[in-house]
Amino acid sequence: MQLHVSPSMRSLTISSNNGFIDLMKIKVAARHISYRTLFHTILILAFLLPFVFILTAIVTLEGVNKCSSFDCLGRRLGPRLLGRVDDSGQRLVKDFYKILNQVNAEKIPDGIKLPDSFNQLVSEMKNNQYDAKTFALMLRAMMEKLEREIRESKFSELMNKHFAASSIPKGLYCLSLRLTDEYSSNAHARRQLPSPELLPVLSNNSYHHFILSTDNILAASVVVNSAVQSSLRPEKIVFHIITDKKTYAGMHAWFALNPVSPAIVEVKGVHQFDWLTRENVPVLEAVENHHGIRNYYHGNHLAGANLSNTTPRTFASKLQARSPKYISLLNHLRIYLPELFPNLDKVVFLDDDVVIQRDLSPLWEIDLWGKVNGAVETCKGEDEWVMSKHFRNYFNFSHPLIAKHLDPDECAWAYGMNIFDLRTWRKTNIRETYHYWLKENLKSNLTMWKLGTLPPALIAFKGHIHPIDPSWHMLGLGYQTKTNIEKAKRAAVIHYNGQSKPWLQIGFEHLRPFWTKYVNYSNDFVRNCHILEL
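Please read these numbers as outputs of a predicted model, since none were measured by experiment. (Residues numbered from 1 in each chain as written. Predicted model: local features only at pLDDT ≥ 70, side-chain atom pairs only at ≥ 80, totals over all residues. Heavy atoms only, no water.)

J.: What's the story with the pattern of salt bridges in this structure? I'm lost.
T.: Opposite charge on two side chains makes pairing possible when the charged atoms of those side chains draw close. Going through the model one piece at a time under the given rule, you end up with 15 salt bridges. With its nearest N and O atoms 1.9 Å apart, the salt bridge here joins arginine 392 to aspartate 409. Of this pair, arginine 392 sits in the loop between β9 (373-375) and α14 (400-405) while aspartate 409 sits in the loop between α14 and β10 (417-421), placing them 17 residues apart in sequence. Note on arginine 392: relative accessible area 43%, which makes it partly exposed. Among the salt bridges present, the one from glutamate 432 reaches arginine 431, with a minimum N-O distance of 3.7 Å. (Salt bridge = Lys/Arg side-chain N within 4 Å of Asp/Glu carboxyl O. Helix = DSSP H or I, 4+ residues; strand = E, 2+ residues; numbered from the N terminus. Buried < 20%, exposed > 50% of the residue type's maximum accessible area, 1.4 Å probe, protein only.)

J.: Before we go on, may I ask you to explain the layout of surface pockets in this structure?
T.: Over the atoms, a rolling probe the size of a water molecule traces out where space has been left empty. Its volume calculated, the second largest pocket comes out at about 490 Å³. Lining the second largest pocket we find 18 residues, and of these Met387, Pro470, Met474, Asn484 and Lys487 sit closest to its centre. Classifying every residue of the lining of the second largest pocket by side-chain character gives six nonpolar, six polar and six charged. (1 Å grid on protein atoms, 1.4 Å probe; cavity = no way out; pocket = protein on both sides within 12 Å on 5 of 7 lines; lining within 4 Å. Points joined across faces, edges and corners; volume = space filled by probe spheres on them. Nonpolar A, V, L, I, M, F, W, Y, C, P; charged D, E, K, R; others polar.)

J.: I keep staring at the environment of serine 398 and nothing clicks. Help me out?
T.: Along the chain, the position of serine 398 falls in the loop between β9 and α14. Here the alpha-carbon distance between serine 398 and threonine 447, two residues 49 residues apart in the chain, equals 9.4 Å. Among the polar contacts made by the side chain of serine 398, one reaches the side chain of asparagine 396 at a distance of 2.5 Å. (Polar contact = N/O pair within 3.5 Å; in protein donor to acceptor, adjacent residues only side chain to side chain.)

J.: Honestly, helix α16 (residues 430-443) in this entry has me stumped. Any pointers?
T.: For the α-helix, the turn length of 3.6 residues means that residues three or four positions removed from each other point alike. When the terminal C-alpha atoms of α16 are compared, their 20 Å separation across 14 residues agrees well with the 20 Å that a helix rising 1.5 Å per residue should span. The buried fraction of α16 amounts to ten of the 14 residues, a majority that puts the element mostly inside the structure. Among the residues making up α16, those that are buried are Ile430, Arg431, Thr433, Tyr434, His435, Trp437, Leu438, Glu440, Asn441 and Leu442. (Expected span 1.5 Å × (residues − 1).)

J.: I would appreciate a short explanation of the nonpolar core in the present structure.
T.: Side chains of a nonpolar character, in soluble globular proteins, are inclined to be buried together. Formed by 69 residues in total, the largest nonpolar core has its most connected members in Leu175, Phe239, Phe255, Leu350 and Ile494. With nine residues, helix α7 (residues 217-230) is the single largest residue contributor to this core. Ignoring sequence-local partners within four residues, the contact set of phenylalanine 239 consists of Phe210, Val223, Val224, Ala227, Ile264, Val265, Glu266 and Leu350. Counting 44 residues, the second largest nonpolar core, distinct from the first, contains Ala412, Trp425, Ala460 and Phe461. (Core = buried A, V, L, I, M, F, W, Y, C linked by side-chain atoms within 4.5 Å. Contact = heavy atoms within 4.5 Å.)

J.: What's the story with the packing of helix α6 (residues 170-185) against helix α8 (residues 245-257) in this structure? I'm lost.
T.: The relative placement of two packed helices comes down to the angle between their axes together with the axis-to-axis distance. Running from N to C, α6 and α8 point in directions that differ by 75°, and their axes come no closer than 7 Å. The angle between α6 and α8 falls in the class roughly perpendicular. Along the contact surface, α6 presents Leu175, Ser176, Leu179, Thr180, Glu182 and Tyr183, while α8 presents Thr247, Tyr248, Ala249, Gly250, His252, Ala253, Trp254 and Leu257. Tallied by class, the residues present in the contact of α6 with α8 amount to eight nonpolar, five polar and one charged. (Axes fitted to C-alpha atoms, helices over the stretch in contact; angles between N-to-C directions. Parallel < 35°, antiparallel > 145°, perpendicular 65-115°, else oblique.)

J.: What exactly am I supposed to notice about the sheet that holds strand β11 (residues 465-467) here?
T.: Strand pairs in the sheet, formed through backbone hydrogen bonds, run parallel or antiparallel to each other. The sheet built from seven strands is open, its strands ordered β6-β5-β4-β7-β10-β9-β11 with mixed pairing. Only two strands of the sheet have a single neighbouring strand rather than two, namely β6 (264-269) and β11. Strand-to-strand twist in this sheet, taken as the mean axis angle between neighbours without regard to direction, amounts to 25°. In the packing of α7 onto the sheet, the strands contacted are β4 (208-213), β5 (237-243), β6 and β7 (346-350), and the crossing angle to β5 comes to about 170°. In the packing of α8 onto the sheet, the strands contacted are β5 and β6, and the crossing angle to β6 comes to about 160°. (Pairing = 2+ DSSP bridges.)

J.: Before we go on, may I ask you to explain the packing of α7 against α8 in this structure?
T.: Relative orientation of the contacting elements α7 and α8 amounts to 40°, with a least axis distance of 10 Å. Handedness of the α7/α8 crossing: right-handed. Touching Ile217, Ala220, Ser221 and Val224 of α7 are Thr247, Gly250, Met251, Trp254 and Phe255, all from α8. Residues that form the contact of α7 with α8 fall into these classes: six nonpolar, three polar and no charged. (Left-handed = near helix turned anticlockwise from the far one by under 90°.)

J.: Explain unusual backbone geometry to me, please; I cannot follow it from the model alone.
T.: Across residues other than glycine, the phi torsion is negative in most instances, and most of the peptide bonds are trans. The step from leucine 193 to proline 194 runs through a cis peptide bond, and the omega angle for that step is -10°. Along the chain, proline 194 turns up in the loop between α6 and β4. Unlike most non-glycine residues, tryptophan 369 shows phi in positive territory, near 55°. Phi is positive for leucine 446, close to 60°, though the residue is something other than glycine. Secondary-structure assignment places leucine 446 in the loop between α16 and α17 (454-460).

J.: I'm lost on the environment of glutamate 410 in this one. Help?
T.: Mapping glutamate 410 onto the fold places it in the loop between α14 and β10. Under the relative-accessibility criterion, glutamate 410 is labelled partly exposed at 24%. The spacing of glutamate 410 and lysine 462 is 52 residues in sequence and 9.8 Å in space, taken between C-alpha atoms. If we skip the residues at most four places from it in the chain, glutamate 410 touches His390, Phe391 and Lys462.

J.: How should the side chain of histidine 209 be read in this particular structure?
T.: Among the structural elements, histidine 209 can be located in strand β4. Polar side-chain contacts of histidine 209 include one of 2.6 Å to the backbone oxygen of asparagine 204. A distance of 2.9 Å separates polar atoms of two side chains, one belonging to histidine 209 and the other to histidine 240.

J.: Just checking my understanding: could you explain the pairing of β4 for this structure?
T.: Successive residues of a regular strand alternate their side chains across the two faces of the sheet. β4 sits mainly inside the fold: six of its six residues count as buried. A two-sided burial pattern is seen for β4, the buried positions comprising His208, Phe210 and Leu212 on one face and His209, Ile211 and Ser213 on the other. Examined bridge by bridge, β4 and β5 share six bridges and lie parallel to one another. Residue leucine 212 lies in a different strand from β5, and its bridge partner there is isoleucine 241. Between the parallel elements β4 and β5, the chain passes through α7 in a crossover that is right-handed. The sheet contact formed by β4 and β7 spans four bridges and is parallel. (Right-handed = clockwise from strand over helix to strand, strands pointing away.)

See below:
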């Protein structure tokens with residue numbers, strides 16, 4: 001800022017430092033102005049100069065130094081001096097919203113070439129001088145493409161997880177083969193189970209009889225070990241393990257070479273039960289040989305599936321329902337327990353994906369009040385994934401036969417740890433009801449239900465369920481990532497139902513230790529098959 005007085009004292013000029021503008025110029029007539037007037041003028045200007053300097057500095061800092069007139073300066077500073085806010089930003093936002101609405105209503109052109117990243121989009125926008133609408137259109141197309149890719153990746157993940165859950169890990173396959181070979185070459189591995197003097201115990205109802213149906217040797221060992229180690233009276237435990245013909249030799253060899261005394265273990269193959277013939281279980285043969293059923297469980301799971309209208313959760317449920325285990329004879333055996341064990345009165349049936357953490361002998365003391373099946377109800381909890389299941393979660397109530405006979409609000413219950421009163425069961429038609437509904441579902445091309453063996457059991461045991469305390473049986477460790485660890489520690493039986501079994505790599509890391517603590521990793525067969533603690 002400069003103040004210049006002419007030598008003749010006839011003019012006074014105020015200008016900026018860089019000389020781009022004359023802020024004020026005063027001409028003075030020498031003959032008509034007094035020194036007193038001049039003094040007052042200079043005094044007033046001296047008072048105004050600081051304010052003019054500050055305003056000029058603000059303009060310069062804000063990048064408006066291209067203004068060449070007071071008019072420009074006024075437009076910039078006027079609203080500020082008057083306390084007004086510039087609404088250009090709000091107008092810009094409104095205009096952008098308008099453009100977004102227009103783009104959202106338009107169809108994205110076919111064959112549009114999209115950038116691979118946001119940085120590339122910005123670069124192309126600068127190079128091609130995109131307008132706001134073109135930029136918004138490109139951004140929308142990129143987001144929709146990303147959403148499709150994420151959705152496809154999710155379905156691919158679910159499919160891969162399904163295959164991982166349905167396959168046999170290399171270590172477990174190795175274990176079965178090595179034990180089968182041991183059975184053929186080692187007489188000790190073929191010794192009678194149990195020893196001849198203990199055979200009467202197998203039908204002695206003063207003992208606690210557990211029944212386990214599985215072809216997984218390692219899982220069976222965990223169930224037995226955890227039950228024995230958690231029992232207050234292990235000498236009263238009898239385990240009846242049923243397996244298929246191909247696994248029988250390996251299963252027998254394992255428990256012959258790794259006794260769990262004082263508990264007693266019996267291993268039997270389905271081929272060793274005289275009663276269990278195809279004539280007595282015709283529905284199972286139909287399930288295994290029916291061409292449509294085979295395609296359903298072993299075919300292309302994506303064929304005919306409209307993934308655009310399917311949520312990942314629904315797709316995951318459908319995949320779980322198509323597990324090959326649901327057409328395995330071992331999975332249906334529990335419905336034949338009264339015939340398979342005609343001399344037993346009360347048994348506890350266990351799935352092979354459970355771990356026992358507490359003494360289960362009190363289960364035999366529970367009064368079932370004339371009911372057949374003591375089970376935990378799964379409709380009394382707040383957790384929608386595990387403990388909020390009703391019949392509507394398992395059945396297709398648009399099917400007229402289902403709608404006619406079942407109540408969608410009826411409470412479901414859990415398979416996997418059940419106390420069965422076999423004496424009362426033999427007086428019912430539970431098995432016949434089970435067969436009838438299986439046949440009807442086959443006739444309807446599996447349109448009544450799709451999730452395994454629980455739905456027909458829910459119908460067959462209808463009116464024969466006695467609820468037991470939920471602390472006896474905690475479910476969901478195979479598909480619920482938010483399992484409460486403290487509740488799991490307190491549960492008598494924890495159940496890894498779902499795809500993420502603890503012996504698979506897809507098992508949940510924070511829940512696996514409950515299971516691995518009962519695996520003997522020092523065992524030669526376990527070490528040689530590289531079954532390591534994951």
